[in-house]
Amino acid sequence: MSNYKDIIASVKDTRGGIIEAFHALQKEYNYIPAEAFREAARVFKLSEAEAYGVGTFYSYLSFEKRGKYIIRMCESAPCHVAGADEVLKALENHLGIAVGETTPDGKFTLELTECIGQCQVTPVITVNSDPIGNIDPQRIAEVLAPFK
Amino acid sequence: MAEEKRIILEYADQINPENAGEYIKVGGYKGLEKARAMSRKDVIEEVKKSGLRGRGGAGFPAGLKWSFVPEAPVKYVVCNLDEGEPGTYKDRIICQKNAQAVLEGMAICGTAIDSTKGYIYCRGEYPYVVDLLNKAIDSAKEAGVLGDFDIEVRMGAGAYVCGEETALIESIEGNRGEPRFKPPFPGVEGLWGVPTIVNNVETFAALPYILSNGGEWFAGIGAPKYPGTKILTLTGDVNNATYFEVPTDYNLRDVIYTLGGGIKNGKKFKAVQVGGTSGAFIPEQNLNTPIDFDSMSAIGAALGSGAVLVLDETRDIVDVVTRIAKFFEHESCGKCNPCREGTFRAFELMEIINDGLGNAGDLDTLKILGRVMKNASFCGLGQAAPIPIQSTLQHFEHEYKRKFL
Ligand SMILES: Cc1cc2nc3c(=O)[nH]c(=O)nc-3n(C[C@H](O)[C@H](O)[C@H](O)COP(=O)(O)O)c2cc1C
Ligand code: SF4
Ligand code: FES
């Protein structure tokens, strides 16, 4: 973890760009590590409290270590009526973790999300922001097979 | 009637949205060229004449909004691509099918209000749209069509309230996305304190066609008081759960039965929620209503973002509304008490009722709570949060009562 300084430096001239910095860091590490967070606050001339206040406002940003693949289940109304609950149960069973947890091997984190704007193929999950639609609870193993 | 009318999406899947050259071949950037040859006042007059009203939900006349912008050395044009309303993906579709029209629309607005800098605020859930837009901007710059108008894409990070224009501005400034007090409106004092026009993606995308074909042409399409087309996204229990562009006088029943191909699996209709998760649930007897802004308001509903969620006869409305109440509890930014506390209590009550533990008194409490939230919340989120509850209590109260048994 050495290049976080470069990542932050690459957006430092963006006015009000701390959220852009958080995005860039999260893209690299899947979360925002404490050391990198402190550096971002410093570069954008915010107190750590202020920067933390900004970062934690946004549900897409995480300050806790997460797995290599972040699986998010959409639970908004259209996905809900399309059977999101059953998909979520199947995901929990398959991964052996509950929402908010990471598998012991550090591979998968399971989260909930509101609508991700792919409602033509409900129910929808995302794996690291890539949407996968028409999820059938029976076929979770197949869907997750490419992520090893 | 009952047919689609494609203006913004006419060349969907026929041109590469990243490529300015392909868009120019089908008539693109003619509107901007025309606008640049006109006086600023005349551009605004043309947009006023078209009758174009905001497609982000509030339905405010675009030309009128622009006319309030005072003189200032720096002004901004902001495109609202936050699209957080569940069941809505039309702004994504517009970008993926016709991104150049959005850029052209923003530049037309820039010409009208004398601004040389635009921002697109794209929701964090669409990183692939951010990539597409950046390529589209590069291509337009290379083609030289944007002139001195610069466009920068910023990304949101999973906060529904950031679709509210002042919260969006806070977010671009790098702050928590909490709404600001209005007035002053952004048109007078917006991003970094200077005049800023915030419009929805679909509003911007209509502008090239208005400028090239004339305001009068646009005013003649669809409903006279809310002219043009509207892109709808159908979800739930319909056969064709996809997107459509229709004239604004299109009938809601036709949306479901013609475009939507009717209810799935031969079942019967129960209710439709129009406008996304903050919209009202509409019963069968109100289906013969045109979808335009004012007709929907007249039946106590809202066109909103143009999302259409259809529920068949077997659906548990109270369960769906409970899920929606959780959405608002989660998305409330916490700035004001009626919404922070109200969305929490509303969700709590809905869960009690949904679990079969409620009573008639809970319904009364929900009604009072809804009135307080509607009247006392600081922004549109808290004001709209009770609508799904109130509208289902109005039309489907028996479904709540059935849960008491
Ligand atoms: C809670 C809330 C969420 C909103 N979300 C959006 C949104 O996602 N996209 C949008 O264009 N407008 C949204 N709006 C409306 C904007 O505040 C604003 O009215 C709109 O962007 C203006 O553009 P228009 O006049 O072209 O519609 C939202 C409003 C509220 C209160
Ligand atoms: S109404 Fe809700 S979202 Fe809006 S300012 Fe108040 S707490 Fe925030
Ligand atoms: S409701 Fe799940 S993707 Fe839109």
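Residues numbered from 1 in each chain as written. Chains lettered and ligands numbered in written order. Predicted model: local features only at pLDDT ≥ 70, side-chain atom pairs only at ≥ 80, totals over all residues. Heavy atoms only, no water.

A.B. asks: What should I look at first to understand empty space enclosed by the protein in this one?
C.D. replies: Over the atoms a probe the size of a water molecule is rolled, and this reveals where empty space is left. Residue and element names in this part refer to chain B. One pass over the full model with this rule turns up seven cavities of 30 Å³ or more. Here the largest cavity is characterised by a volume of approximately 90 Å³. Considering the residues around the largest cavity, the lining is formed by 13 residues, among which Pro 179, Cys 333, Cys 336, Cys 339 and Cys 379 are closest to the centre. Broken down by secondary-structure element, the contributors of at least two residues to the lining of the largest cavity are helix 13 (337–354) and helix 15 (380–384). In this model, the second largest cavity occupies a volume close to 70 Å³. Only helix 12 (317–331), helix 13 and helix 16 (387–395) provide two or more residues apiece to the lining of the second largest cavity. Considering every element that reaches the lining of the second largest cavity, the biggest residue donor is helix 12, with four residues. For the lining of the second largest cavity, the per-class residue count stands at 11 nonpolar, one polar and no charged. (1 Å grid on protein atoms, 1.4 Å probe; cavity = no way out; pocket = protein on both sides within 12 Å on 5 of 7 lines; lining within 4 Å. Points joined across faces, edges and corners; volume = space filled by probe spheres on them. Helix = DSSP H or I, 4+ residues; strand = E, 2+ residues; numbered from the N terminus. Nonpolar A, V, L, I, M, F, W, Y, C, P; charged D, E, K, R; others polar.)

A.B. asks: It is not clear to me how the nonpolar core should be interpreted in this structure. Could you clarify?
C.D. replies: When a protein is soluble and globular, its nonpolar side chains tend to lie buried together. Judged by nonpolar contacts, the single largest core of 72 residues is most densely connected at Tyr58(A) and Tyr400(B). The biggest single contributor to this core is helix 12 of chain B, with eight residues. Ignoring any residue separated from it by four or fewer positions in sequence, one finds Tyr58(A) in contact with Ile19(A), Tyr121(B), Ala157(B), Ala159(B), Cys162(B), Ser171(B), Asn175(B), Arg176(B) and Gly177(B). Counting residues in each nonpolar core, the second largest holds 65 residues, with Ala35(B), Ile44(B), Trp66(B) and Val69(B) among its members. (Core = buried A, V, L, I, M, F, W, Y, C linked by side-chain atoms within 4.5 Å. Buried < 20%, exposed > 50% of the residue type's maximum accessible area, 1.4 Å probe, protein only. Contact = heavy atoms within 4.5 Å.)

A.B. asks: When you look at the packing of helix 3 (residues 34–43) of chain A against helix 4 (residues 48–57) of chain A in this model, what are you seeing that I'm missing?
C.D. replies: Helix-helix packing: each pair is described by the crossing angle between the helix axes and the interaxial distance. All names here are of chain A. Relative orientation of the contacting elements helix 3 and helix 4 amounts to 110°, with a least axis distance of 9 Å. By the angle between their directions, the pair helix 3 and helix 4 is classed as roughly perpendicular. Residue-level contacts link Phe 37, Arg 38 and Ala 41 of helix 3 to Glu 48, Ala 51 and Tyr 52 of helix 4. Taken together, the residues of the contact of helix 3 with helix 4 break down into four nonpolar, no polar and two charged. (Axes fitted to C-alpha atoms, helices over the stretch in contact; angles between N-to-C directions. Parallel < 35°, antiparallel > 145°, perpendicular 65-115°, else oblique.)

A.B. asks: Just checking my understanding: could you explain unusual backbone geometry for this structure?
C.D. replies: Most peptide bonds are trans, and most residues other than glycine sit at a negative phi. The omega torsion of the bond from Thr122(A) to Pro123(A) falls at -10°, within 30 degrees of zero and hence cis. Structurally, the position occupied by Pro123(A) is in the loop between strand 2 (108–113) and strand 3 (125–127). Cis geometry is found at the peptide bond from Lys182(B) to Pro183(B), where omega equals -5°. Structurally, Pro183(B) can be placed in the loop between helix 7 (165–172) and strand 4 (196–200). Although it is not a glycine, Glu83(B) adopts a positive phi angle of roughly 35°.

A.B. asks: Explanation requested: the domain arrangement of chain B in the structure shown.
C.D. replies: All names here are of chain B. Parsing chain B into structural domains produces domain 1 (20–219), domain 2 (226–312) and domain 3 (317–402). Across the contact, 21 residues belong to domain 1 and 22 residues belong to domain 2. With both chains or domains summed, domain 1 and domain 2 bury close to 1600 Å², and 55% of this area falls on carbon and sulfur atoms. Applying the counting rule to domain 1 against domain 2 returns two salt bridges. Linking Glu 202 and Lys 230 is a salt bridge whose minimum nitrogen-to-oxygen distance equals 2.6 Å. Put simply, domain 1 and domain 2 have nine residue pairs in polar contact (both at pLDDT 80 or more) between them. Taken together, the elements giving at least two residues each to the side of domain 1 that touches domain 2 come down to helix 5 (90–113) and helix 9 (215–219). (Domains from an automatic or database assignment. Buried area = accessible area lost by both parts, 1.4 Å probe. Salt bridge = Lys/Arg side-chain N within 4 Å of Asp/Glu carboxyl O. Polar contact = N/O pair within 3.5 Å; in protein donor to acceptor, adjacent residues only side chain to side chain.)

A.B. asks: Mind showing me how you'd approach the pattern of salt bridges here?
C.D. replies: Side chains that differ in sign of charge can pair as their charged atoms come close. All names here are of chain B. Tallied over the full model, the rule gives 38 salt bridges over all chains. For Asp 114, the salt bridge goes to Arg 40, with nearest N and O atoms at 3.9 Å. Residue Asp 114 is found in the loop between helix 5 and strand 2 (117–122), and its partner Arg 40 is found in helix 3 (residues 40–50); the two are separated by 74 residues along the sequence. On the basis of relative accessible area, Asp 114 is assigned to the partly exposed category, the value being 41%. On the accessibility criterion, Arg 40 (31% relative accessible area) is partly exposed. Linking Arg 123 and Glu 125 is a salt bridge whose minimum nitrogen-to-oxygen distance equals 3.3 Å. Glu 125 shares its class with Arg 123; the two are buried. A single network of salt bridges, built from pairs that share partners, joins Lys 117, Lys 141, Asp 150, Glu 152 and Arg 154.

A.B. asks: In this structure, what is going on with the interface of chain B and chain A? I would like to understand it.
C.D. replies: Interface size is commonly expressed as the accessible area that is lost once the parts come together. Residue-level contacts link 47 residues of chain B with 31 residues of chain A. Across the chain B/chain A interface, buried area totals approximately 3100 Å², and carbon plus sulfur atoms make up 56% of it. Considering only the surface of chain B that becomes buried against chain A, Ala157(B), Arg176(B) and Arg323(B) emerge as the three largest contributors, covering 20% of it. At the boundary of chain B with chain A, the tally comes to three salt bridges. Measuring nitrogen to oxygen at the nearest pair gives 3.4 Å for the salt bridge that ties Glu75(A) to Arg323(B). Scanning the region where chain B abuts chain A turns up 20 residue pairs in polar contact (both at pLDDT 80 or more). Of all elements in the fold, only helix 6 (127–143), strand 3 (150–155), helix 7, strand 7 (229–236), strand 11 (307–312) and helix 12 of chain B reach the threshold of two or more residues within the side of chain B that touches chain A. Sorting elements by how many residues they give to the side of chain B that touches chain A places helix 12 of chain B first, with eight residues. For the side of chain B that touches chain A, the residue count by class is 21 nonpolar, 13 polar and 13 charged.

A.B. asks: Honestly, the packing of aromatic side chains in this entry has me stumped. Any pointers?
C.D. replies: Pairs of aromatic rings are described using the distance from one ring centre to the other and the angle between the two planes. The final tally for this structure, using the stated rule, is 19 aromatic pairs over all chains. Between Tyr160(B) and Phe327(B), the aromatic rings sit 4.9 Å apart at their centres with planes inclined by 70°, giving edge-to-face as the arrangement. Remark: Phe327(B) occurs in helix 12 and Tyr160(B) occurs in the loop between strand 3 and helix 7; sequence separation between them is 167 residues. Phe327(B) carries the same exposure label as Tyr160(B), and that label is buried. Taken together, a centroid distance of 6.2 Å and an interplanar angle of 55° make the contact between Trp217(B) and Phe218(B) tilted. Overall, Trp217(B) belongs to the partly exposed group, its relative accessible area being 31%. Judged by relative accessible area, Phe218(B) falls into the buried class, the value being 2%. A connected cluster of aromatic rings, assembled from ring pairs, spans Phe22(A), Phe37(A), Tyr52(A) and Phe63(A). (Phe/Tyr/Trp six-rings, centres within 6.5 Å; stacked < 30°, edge-to-face > 60°.)

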